[in-house]
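A structural walkthrough
As a plain string of letters, each chain reads:
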Amino acid sequence: MPPSSVLVPTLLVCSIVCCLYPILLSSPHPTFHRSAISRELDSFVTQKLNLTALYPPEEPLPNPPLSDGHDTFSACLLVMDDNHRLIEWLAYHYHVLPLRYLVVAVDPRSKTTPTSILNRWREQGMYILEWSDRDFWKRKSPLRDIPDDAELQVKRDRHRGRQKYFYRQCLIHLKEENRTWVSLHDSDEYMVYNHAGGDKFREWEDKMKDRHSRSVHSKEVRIEPSKTPPTTAEEGAMIKYIRQEQEAGLEFYQSPCIGIPRLTFSAVETSTSITKGLAPEIASSFDLEQFDTLRWRKHAPRNDFVKNALGKVMIDVSRVDMKNTPMFRSLHRPIQSICPAPWHNDWSSGIRINHYLGSWESYSFRDDARRGFERSREQWEFKSTSSAVQDDDNVTPWLNGFVESQGLPKASSLLHNIGLPKHYRNEKDHRWNLLPDKLAKIMETDVTIANDNKMVAFDAFVREKYRNSSLRR
Ligand SMILES: *[C@@H]1O[C@H](CO)[C@@H](O)[C@H](O)[C@H]1NC(C)=O
Ligand SMILES: *[C@@H]1O[C@H](CO)[C@@H](O)[C@H](O)[C@H]1NC(C)=O
Ligand SMILES: *[C@@H]1O[C@H](CO)[C@@H](O)[C@H](O)[C@H]1NC(C)=O
């Protein structure tokens, strides 16, 4: 999901720049020809998957008894055709947080249902509610369906509205259910603590301190755990860790709304072996390339807000008067009075979110309303290559721990069908390319003049890409 508060200024800047466009124009670049683009797009290979066979329609199973809210996590999650990510997301958060109560809002434009996957976890002891818009979006007049060919802005507004209503109603509900910590992040995002755990902790701290002292941010306070943190292999590590640090008096963990920075992981393979850190029995039992948390280990520079975008939050609903909170205005800072500003810094944070771009097939799987605009083949290429400067493995041990606590047969069945089918390809699908007039505008000048660094960098990438390809011909 795009960070809405970044997007709004982006769009404003865009509309201003686009209006001024004829004035800002430098002479069109001589080597660029539109025909280069259409040739680039002519072969379009998308395989059809049998989605009914892959995710069979099922009725929700009855929920298990509620776990104790004090020792477990809850989550509010919006989904739309991301079952291929959901399988890993559920296993990871079930094990690491431990996630035991989940409220899912299914976008009405979905072509698949997550129920068959959620049922595995109901049987495993996770309490799961599946909500549709009617369940949380109470209005005087009924919500009308938005047609597929509606304006992007209409779809975007609907999506933003849905997010804000859903998160607020979900938090109110979870408070009534006597829950405590609730995470509010998407299915391509994984909550992890910011330090390597266990015996890797000291070595990691030293390495990071060294990097930190060489960086321009070295004057900022660097948070250190009060004692060695658990690794992600340990079941329920996150809640234990938070409690340990709360009790030690660390300021970061005291608020009922903790701000969590994100770190963007690119789609560039590392030279590190994918089996690194995994027990040999596990490495040989799973197709590790199907795991986002194992395959993608390179990330954008820490503290690069342009690449990592705004942070998210987790909220302890037991300490918040949810019903009297005002309507949420930003998902990155839902409750202004208790949540920190969302440009929270990685160095001063004990917890972070790993945000995975994922493979091209994974990124382009859903019929995203923003296709051709904020989400495009060009955006994916730009992000996949420009966010790959450092390696980080501290999420990896989770699979060892998960298999150890569930046993191999159970772990394998819970992770069955992880990722998209390996043969699936979605190549040169022109519907995912930047829209022709957007592209033409970028190509007609040499430099984009805008306040938005992300847009300037992206536009420069697009020019280089298409000028390269027209030079090659
Ligand atoms: C898709 O799979 C379902 C269930 O296995 C099957 O009934 C259906 O015929 C398949 N559809 C196509 C188009 O192959
Ligand atoms: C939540 O706790 C209150 C007070 O202890 C209790 O009355 C209520 O039944 C609990 N609600 C649920 C859903 O367990
Ligand atoms: C353009 O071509 C150069 C030289 O081959 C290459 O280094 C660069 O990565 C290309 N840029 C893009 C955006 O494809």
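Calculation notes
- Counting starts from 1 at the beginning of each chain's written sequence and moves along it residue by residue.
- As a convention, the first chain written is A and the first ligand written is 1, with the rest following in written order.
- In keeping with the predicted nature of the model, local features appear solely for residues at pLDDT of at least 70, side-chain atom pairs appear and are counted solely at 80 or more, and the whole-chain, interface and lining totals rest on all residues.
- Each side-chain value is derived from all of the structure's non-hydrogen atoms; neither hydrogens nor water enter the calculation.
- Strand pairing is defined by DSSP finding a minimum of two bridges between the two strands.
- For the purposes of this entry, the term helix denotes a DSSP run of H or I that reaches at least four residues, the term strand denotes a run of E that reaches at least two, and both are numbered from the N terminus.
- Throughout, an axis means a line fitted to C-alpha atoms (over the contacting stretch in the case of helices), and angles, computed between N-to-C directions, take values from 0 to 180 degrees.
- Contact between two residues is taken to exist if any of their heavy atoms lie within 4.5 Å; hydrogens are not considered.
- Any two cysteine sulfur atoms within 2.5 Å of one another count as a disulfide.
- Between buried and exposed lies partly exposed: a residue is buried under 20% and exposed over 50% of the maximum accessible area for its type, with that area taken using a 1.4 Å probe on protein chains only.
- Nearness is defined per residue: one heavy atom within 4 Å of the molecule or strand is enough.
- Think of a polar contact as two N or O atoms within 3.5 Å of one another; within protein, one of them needs to be a possible hydrogen donor and the other a possible acceptor, and neighboring residues in sequence only count if both atoms come from side chains.
- What sets the accessible areas is the Shrake-Rupley method with a 1.4 Å probe; for residues, cover comes only from the shown protein chains.
- Assignment of crossover handedness uses the view with strands pointing away from the viewer, where a clockwise path from the first strand over the helix to the second indicates a right-handed crossover.
- Here, nonpolar core refers to any group of buried Ala, Val, Leu, Ile, Met, Phe, Trp, Tyr and Cys residues whose side-chain atoms link them within 4.5 Å.
- Centres within 6.5 Å are what make two rings of Phe, Tyr or Trp a pair, Trp counting through its six-membered ring; a difference in plane orientation under 30 degrees is then read as stacked, over 60 as edge-to-face, and the rest as tilted.
- Charges are assigned to positions over rings by a cutoff of 6 Å between ring centre and Lys NZ or Arg CZ, combined with an angular limit of 35 degrees from the ring normal.
- With respect to orientation, any angle under 35 degrees is reported as roughly parallel, any angle over 145 as roughly antiparallel, any angle of 65 to 115 as roughly perpendicular, and every other angle as oblique.
- When residues are grouped by polarity, Ala, Val, Leu, Ile, Met, Phe, Trp, Tyr, Cys and Pro land in nonpolar, Asp, Glu, Lys and Arg in charged, and all others, Gly among them, in polar.
- Salt bridge, as used here: a side-chain nitrogen of Lys or Arg that lies within 4 Å of a carboxyl oxygen of Asp or Glu.

If you check an unreviewed UniProt entry, the chain appears there as Glycosyltransferase family 92 protein from Fistulifera solaris.

1. Some words on the sheet that holds strand β7 (residues 257-260)
Sheet architecture is open: six strands sit in the order β4-β3-β2-β5-β10-β7, paired in mixed fashion. Every interior strand has two partners, whereas the edge strands, β4 (127-131) and β7, have only one. Sheet twist, expressed as the mean angle between neighbouring strand axes with direction ignored, is 20°. Pairing of strand β5 (residues 181-183) with strand β10 (residues 312-316) involves three bridges; the strand directions are antiparallel. Bridge pairing links Trp181 to Asp316 in β10. Strand contacts of helix α5 (residues 115-123): β3 (99-106) and β4, with the helix running at about 155° to β4, the strand carrying the most contacts. Here helix α7 (residues 152-176) sits on the sheet in contact with β2 (73-79), β3, β4, β5 and β10, set at roughly 155° to β2.

2. Let's talk about the state of the cysteines
Under the defined criterion, the tally for this structure stands at two disulfides. Across the disulfide from Cys76 sits Cys170; the S-S distance is 2.1 Å. Disulfide Cys76-Cys170: the torsion about the S-S bond is -90°, which places it as left-handed. Separated by 94 residues along the polypeptide, Cys76 in strand β2 and Cys170 in helix α7 bring together distant segments of the chain. Owing to a relative accessible area of 0%, Cys170 belongs among the buried residues under this scheme. Cys257 shares a disulfide with Cys339; S-S distance 2.1 Å.

3. Regarding the site of ligand 2
Around ligand 2, the surrounding shell consists of Glu176, Glu177 and Asn178. Asn178 has a polar side-chain atom sitting 2.4 Å from an oxygen atom of ligand 2. Burial of ligand 2 by the protein amounts to 28% of the accessible area it has alone, namely 360 Å².

4. Focus: the side chain of Arg352
Along the chain, Arg352 falls in strand β11 (residues 351-356). A polar contact of 2.9 Å, which involves the side chain of Arg352, links it to the side chain of Asp392. A distance of 3.4 Å separates the side chain of Arg352 from the side chain of Asn394, its partner in a polar contact.

5. Quick notes on the pairing of β2
Among the seven residues in β2, seven count as buried, and that is most of the element. Covered by surrounding structure in β2 are Phe73, Ala75, Leu77 and Val79 together with Ser74, Cys76 and Leu78, the residues of both alternating faces. Where β2 lies against β3, seven bridges are found, and the strand directions are parallel. Bridge pairing in β3 links Ser74 to Tyr101. A crossover connection joins β2 to the parallel β3 through helix α4 (residues 83-96); in handedness this β-α-β unit is right-handed.

6. Focus on the site of ligand 3
Lining the immediate surroundings of ligand 3 are Phe461, Glu464, Lys465 and Asn468. Take Asn468: an N or O atom from its side chain is 2.2 Å from an oxygen atom of ligand 3. In the complex, 39% of the free accessible area of ligand 3, which totals 370 Å², lies under the protein chains.

7. Observations concerning helix α9 (residues 237-247)
All of the buried residues along α9 are Ala237, Met238, Ile239, Tyr241, Ile242, Gln244 and Glu245. Packed against the buried residues of α9 are β2, α4, β5, β6 (189-193), β10 and β11. With its phi angle positive at about 85°, Gly249 sits one or two positions after the end of α9.

8. Concerning the nonpolar core
Among the nonpolar cores identified, the biggest contains 72 residues, and Phe73, Leu102, Leu399, Phe402 and Leu415 are the most heavily contacted of them. Residues Val103, Trp137, Ile315 and Ile335 belong to the second largest nonpolar core, which totals 28 residues.

9. Some details on unusual backbone geometry
A cis amide bond, omega 5°, links Leu97 with the succeeding residue Pro98. Note that Pro98 resides in the loop between α4 and β3. The phi dihedral of Asp81 is positive, around 50°, even though this residue is not glycine. Mapped onto the elements, Asp81 comes out in the loop between β2 and α4.

10. Comments concerning the packing of aromatic side chains
Enumeration over the complete set of coordinates arrives at 26 aromatic pairs. A ring pair is formed by Phe166 and Tyr167, whose centres lie 5.9 Å apart and whose planes are at 45°; its orientation type is tilted. Through successive ring pairs, a cluster of aromatic residues spans Tyr92, Tyr94, Trp121, Tyr190, Phe265, Phe286, Phe291, Tyr356, Trp398 and Phe402. The ring of Trp432 carries the charged tip of Arg371 above its face, separated from the ring centre by 5.7 Å. It is Lys465 that lies over the ring of Tyr466; its NZ or CZ is 5.4 Å from the centre.

11. As for the packing of helix α14 (residues 377-386) against helix α18 (residues 453-472)
Where α14 meets α18, the axes come as close as 10 Å, and the angle between the chain directions of the two elements is 105°. Judged by the inter-axis angle, α14 sits roughly perpendicular to α18. In this structure, α14 contributes Glu378, Gln379, Glu381, Phe382 and Thr385 to the contact, and α18 contributes Lys454, Ala457, Phe458, Phe461, Val462, Lys465 and Tyr466. Here the contact of α14 with α18 is composed, by residue class, of six nonpolar, two polar and four charged.

12. Digging into the pattern of salt bridges
Under the counting rule described, the total for this entry stands at 37 salt bridges. For the salt bridge of Asp292 with Arg85, the shortest nitrogen-to-oxygen distance reads 3.3 Å. Of this pair, Asp292 sits in helix α11 (residues 292-295) while Arg85 sits in helix α4, placing them 207 residues apart in sequence. For the pair formed by Asp292 and Arg85, the shared burial category is buried. Within the structure, one salt-bridge network assembled from shared partners comprises Asp82, Arg366, Asp368, Arg370 and Arg375.

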